[in-house]
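# Structural overview
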Amino acid sequence: MNETILIVEDQFVEANDIRLMLEKANYRVTGIARSVARALELIAEEKPDVVLLDIFLKGTLTGIDLAKQLRELNIAFVYLSANFNQNILSEAKTTQPDGFLVKPFREKDVLITLEIALYRHQFSHEASLRREIQLQKQLIPLFDEKNSWEEALVKAGQVLQPFIPFEYMATQSIPLAHNSLSYQDTGFLRIGFDEYQIVGVRELMIITNLKKHELDALQAKTHLEPVAHCYTEEQFTNLCEVPSIRTLIMDTFQMRSHCVLPVSLSNGDQFYFFFYSRRPDAYKAEHIVLFNCLQPLLSSVIESRLKTEIKVLPESVHTPLPEETQTDTDIFEGIVGRSHLLLKVFDHITLVAPADTSVLILGESGTGKERIADCIHTLSPRKDKPLVKVNCAALPATLIESELFGHEKGAFTGAIEKRIGKFEQASGGTIFLDEIGEMPLELQVKLLRVLQEKEIERIGGRSPIKINVRIIAATNRNLEKEVAQGRFRLDLYYRLHVFPIILPPLRERKEDIPVLTTYFIKHYNRKTGRKISGVTDKVLATLMTYHWPGNVRELEHLIERSVLLTKGPQIEEVEFHSPQQTEKALPNEELRIKTIDENERDHIITVLKKCNGRIWGSGGAAELLNIPPTTLQSKMKKLSIKKEYVDYK
């Protein structure tokens, strides 16, 4: 074993004990540091493979301060601490450690955690390299002359989306001798998975109801950074206090974070990518690192292509989105919606599915964790092999080991024949361990061994059996809290937590409720032979204001019941199971007078439905209401009306 370890611990006795453990296991210890300053000196002398890092050290700087620098230096690190309360754990997590060790710990704990840390770090590094190579291969052919300039940019956005997420991307070419402050950006608004609406100068003028000279005035106030920069929600809000094009994009499309990525061309020109997201913290330093790696390639292909194009795009360019970019989302069959939170999940699925790493799906009950597991398997190289599903919560603790690993004949009373376990059944394919948070601690140890050694042992068996299985696990529990309370092993948590996918609850993506409702109505129409056309405005308003503790599953059951009970062409009433929920979700409209805001909201929804959801332009809702589109947009924002709420059949 050639791995080198640096120990950063201010208690000499503890540090020396760890050193003896590691040397006994054939690790080489490069030194022991009691402070951040000393640790940095030792790292400069010899870069270690892993740093074992206490959080509380001598001096003013903590282990968390050092961890931030280790992350930049691409050095794996594991925290050591006797005080892992929830606040410290949350702060430490922001540095993306490769493991945790809680004092006091056994020699076996240290060695297993180091192995996991090396595995996680190696996966992360290899994944970054694969990601960079994959992006380079995909980007090169996009900018040849077979694609128009807009097609090339749309496709570049599609390729970049899983790695640098955005709901709105804009591009701009700035010549070195730039004297014009004219607005010439081309924007791409994400409206679905692999679906983008082109927003050129003309389209932005229509959407915002601004004149060209007004856009130019905002452009003149827009500061362009010479280097890549990321803005969190607070930073972006502060940046947009001065009116600019960014302020316009933020307000018009409800963006909350921003990333500027300039590409320097050999002739001194600058080409900018502007990314915007509706998430408050979408952009991190890792996105800049990735983009910097792609800089030489992007500079070459963009510069080559610009030679055949007008350097600054003319404002008259507004070609329709190419047909081939409007990719069908049948690959995510049964997962319905276009909210930015769900699109983020789609992006993560497409990233992790081709790899062979473990996946941990986190989310409340009813959010669709099993559907996500199905998609990952379907999009993986193992799609033609078995997908075996195990509900850990439904199995008695006395049977779960036999169910997972199998048993030999006569292994215990009642074992009248040999049983092949789920892991063997999934050989070459995928095993989905649902509700893994319910697994007993003694079984967690055995599962950890399976993950580490890629082998199982049947109950009563005499020799281990090698397996080739991808593991996807899911839980609705807070595993960090379970770890803190001793109900889930920390080492297993970190082995599974290589690539987490977090599913948003339905109450956080309510803009998907109309399309989900339509989907379920059509589904149960087919099953029952009914011809329900939709729901009334009153029912939709009820669905939009309800809290949805049961998430998508609760909505599905509600629609199924309503389809069966409805006698007319539309669902005019919904019944919730709980009286308290019914009272909260269904205010008695007959016993009270609507407020002015409620009446205005109903009127706007009615007009939007009449216009098929169209806000701008001739025949749009703003024209019918005789108000500017921006005023209508402000009213919709104030009254919590989303275009998706009314744009359904």
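Above this text sits the structure in question.
In this text, all values refer to a predicted model and were calculated from it rather than measured experimentally. (Residues numbered from 1 in each chain as written. Predicted model: local features only at pLDDT ≥ 70, side-chain atom pairs only at ≥ 80, totals over all residues. Heavy atoms only, no water.)

### So, the overall build of the protein
A tally of regular secondary structure across the protein gives 26 helices and 20 strands. Here the protein holds 649 residues, and 52% of them are scored as buried. Within the protein, counting contacts between residues at least 6 apart in sequence, those at least 24 apart form 70% of the total. Accessible surface for the protein amounts to roughly 31000 Å². Of this, 52% is attributable to carbon and sulfur atoms. (Helix = DSSP H or I, 4+ residues; strand = E, 2+ residues; numbered from the N terminus. Buried < 20%, exposed > 50% of the residue type's maximum accessible area, 1.4 Å probe, protein only. Contact = heavy atoms within 4.5 Å. Areas by Shrake-Rupley, 256 points an atom, 1.4 Å probe, with all protein chains shown as cover.)

### Concerning the sheet that holds strand E5 (residues 100-102)
Reading across the sheet, the 5 strands line up as E2-E1-E3-E4-E5 and stay open at both edges, with parallel pairing between neighbours. Edge strands, defined here as strands with exactly one partner in the open sheet, are strand E2 (28-33) and E5. The average angle at which neighbouring strand axes cross in this sheet is 20°, direction not considered. Examined bridge by bridge, strand E1 (residues 4-8) and E2 share 5 bridges and lie parallel to one another. Looking at the pairing, isoleucine 7 lines up with isoleucine 32 of E2. With respect to the sheet, helix H2 (residues 36-45) is in contact with E1 and E2, its orientation differing from that of E2 by roughly 150°. (Pairing = 2+ DSSP bridges. Axes fitted to C-alpha atoms, helices over the stretch in contact; angles between N-to-C directions.)

### Quick notes on the pairing of strand E3 (residues 50-54)
Taking burial as the measure, the 5 residues of E3 include 5 buried ones, the bulk of the element. A two-sided burial pattern is seen for E3, the buried positions comprising Val50, Leu52 and Asp54 on one face and Val51 and Leu53 on the other. Both E1 and E3 contribute to a ladder of 4 bridges, which runs parallel. Paired with valine 8 across the two strands is leucine 53, which belongs to E3. As paired strands, E3 and strand E4 (residues 76-81) are joined by 5 bridges and run parallel to one another. Bridge pairing in E4 links aspartate 54 to leucine 80. At this point the chain moves from E3, through helix H3 (residues 63-72), to the parallel E4, and the crossover so formed is right-handed. (Right-handed = clockwise from strand over helix to strand, strands pointing away.)

### Some points on the packing of H2 against H3
Geometrically, a packed helix pair is captured by the angle between its two axes and the distance between the axes. H3 packs onto H2 with a crossing angle of 20° between their chain directions and a minimal axis gap of 10 Å. When the interaxial angle is binned, H2 and H3 end up roughly parallel. Classified by chirality, the crossing of H3 by H2 is right-handed. Across the interface between the two elements, Val36, Ala39, Leu40 and Ile43 of H2 pack against Leu66, Gln69 and Leu70 of H3. Its residues placed into classes, the contact of H2 with H3 shows 6 nonpolar, 1 polar and no charged. (Parallel < 35°, antiparallel > 145°, perpendicular 65-115°, else oblique. Left-handed = near helix turned anticlockwise from the far one by under 90°. Nonpolar A, V, L, I, M, F, W, Y, C, P; charged D, E, K, R; others polar.)

### Considering the pattern of salt bridges
Inspection of the entire model under this criterion finds 28 salt bridges. In this structure, glutamate 107 engages lysine 24 in a salt bridge whose closest nitrogen and oxygen atoms are separated by 4.0 Å. Of this pair, glutamate 107 sits in helix H5 (residues 107-139) while lysine 24 sits in helix H1 (residues 12-24); the two residues are 83 residues apart in sequence, bridging distant segments of the chain. Under the relative-accessibility criterion, glutamate 107 is labelled partly exposed at 30%. Across the pair arginine 458 and glutamate 424 runs a salt bridge whose closest N-O atoms are separated by 2.8 Å. With a gap of 34 residues between them, arginine 458 in the loop between strand E15 (455-456) and strand E16 (465-466) and glutamate 424 in helix H15 (residues 422-425) connect regions that are remote in the sequence. Taken individually, arginine 458 and glutamate 424 each receive the classification buried, so the pair is uniform in this respect. Salt bridges linked by common partners bring Arg449, Glu453, Glu455, Glu457 and Lys466 together as one network. (Salt bridge = Lys/Arg side-chain N within 4 Å of Asp/Glu carboxyl O.)

### Things to note about the side chain of threonine 222
By the element assignment, threonine 222 lies in the loop between helix H8 (212-220) and strand E9 (229-231). By relative accessible area, which is 13% here, threonine 222 ends up buried. A distance of 3.0 Å separates a polar side-chain atom of threonine 222 from the backbone nitrogen of isoleucine 245. For threonine 222, the contacting residues outside a window of four places in its chain are Ser244, Ile245 and Arg246. (Polar contact = N/O pair within 3.5 Å; in protein donor to acceptor, adjacent residues only side chain to side chain.)

### Quick word on the packing of aromatic side chains
Inspection of the entire model under this criterion finds 20 aromatic pairs. A centroid spacing of 5.6 Å and a plane angle of 80° characterise the contact between phenylalanine 77 and tyrosine 79, whose relative ring orientation is edge-to-face. We classify tyrosine 79 as buried; its relative accessible area is 0%. The interplanar angle of 85° and the centroid separation of 4.8 Å between the aromatic rings of phenylalanine 193 and phenylalanine 332 together place this pair among those described as edge-to-face. One end of the pair, phenylalanine 193, is in the loop between strand E7 (186-192) and strand E8 (195-199); the other, phenylalanine 332, is in the loop between helix H11 (285-306) and helix H12 (340-352), with 139 residues separating them in the sequence. Classification of phenylalanine 193 by relative accessible area gives buried; the value is 7%. Since its relative accessible area comes to 1%, phenylalanine 332 is described here as buried. Members of the aromatic cluster, connected to one another through ring pairs, are Trp149, Phe166, Tyr196, Phe271, Phe273, Phe275 and Phe291. (Phe/Tyr/Trp six-rings, centres within 6.5 Å; stacked < 30°, edge-to-face > 60°.)

### Digging into the state of the cysteines
The final tally for this structure, using the stated rule, is 0 disulfides. Free cysteine: cysteine 230, not disulfide-bonded; nearest cysteine sulfur from cysteine 259 at 3.5 Å. On the basis of relative accessibility, which here comes to 15%, the residue cysteine 230 falls in the buried class. (Disulfide = S-S within 2.5 Å.)

### Here's the deal with the environment of isoleucine 64
In this structure, isoleucine 64 sits in helix H3. The class of isoleucine 64 is buried, set by a relative accessible area of 5%. Between the C-alpha atom of isoleucine 64 and that of proline 97, which follows or precedes it by 33 residues, the distance is 9.7 Å. Sequence-distant contacts of isoleucine 64, defined by excluding residues within four places in its chain, comprise Ile55, Tyr79, Glu91, Ala92 and Thr95.

### Here we look at the environment of methionine 544
Relative to the elements of secondary structure, methionine 544 occurs in helix H20 (residues 537-545). Residues methionine 544 and isoleucine 513, 31 residues apart in the sequence, show an inter-C-alpha distance of 7.0 Å.

### Points about helix H25 (residues 629-638)
Considered for burial, the residues of H25 that qualify are Pro629, Leu632, Gln633 and Met636. In a view along the axis of H25, the buried residues occupy a sector of 100°, so they form one face of it. Downstream of H25 by a residue or two, serine 640 has a phi angle that is positive, lying close to 60°. (Arc of directions from axis to C-beta.)

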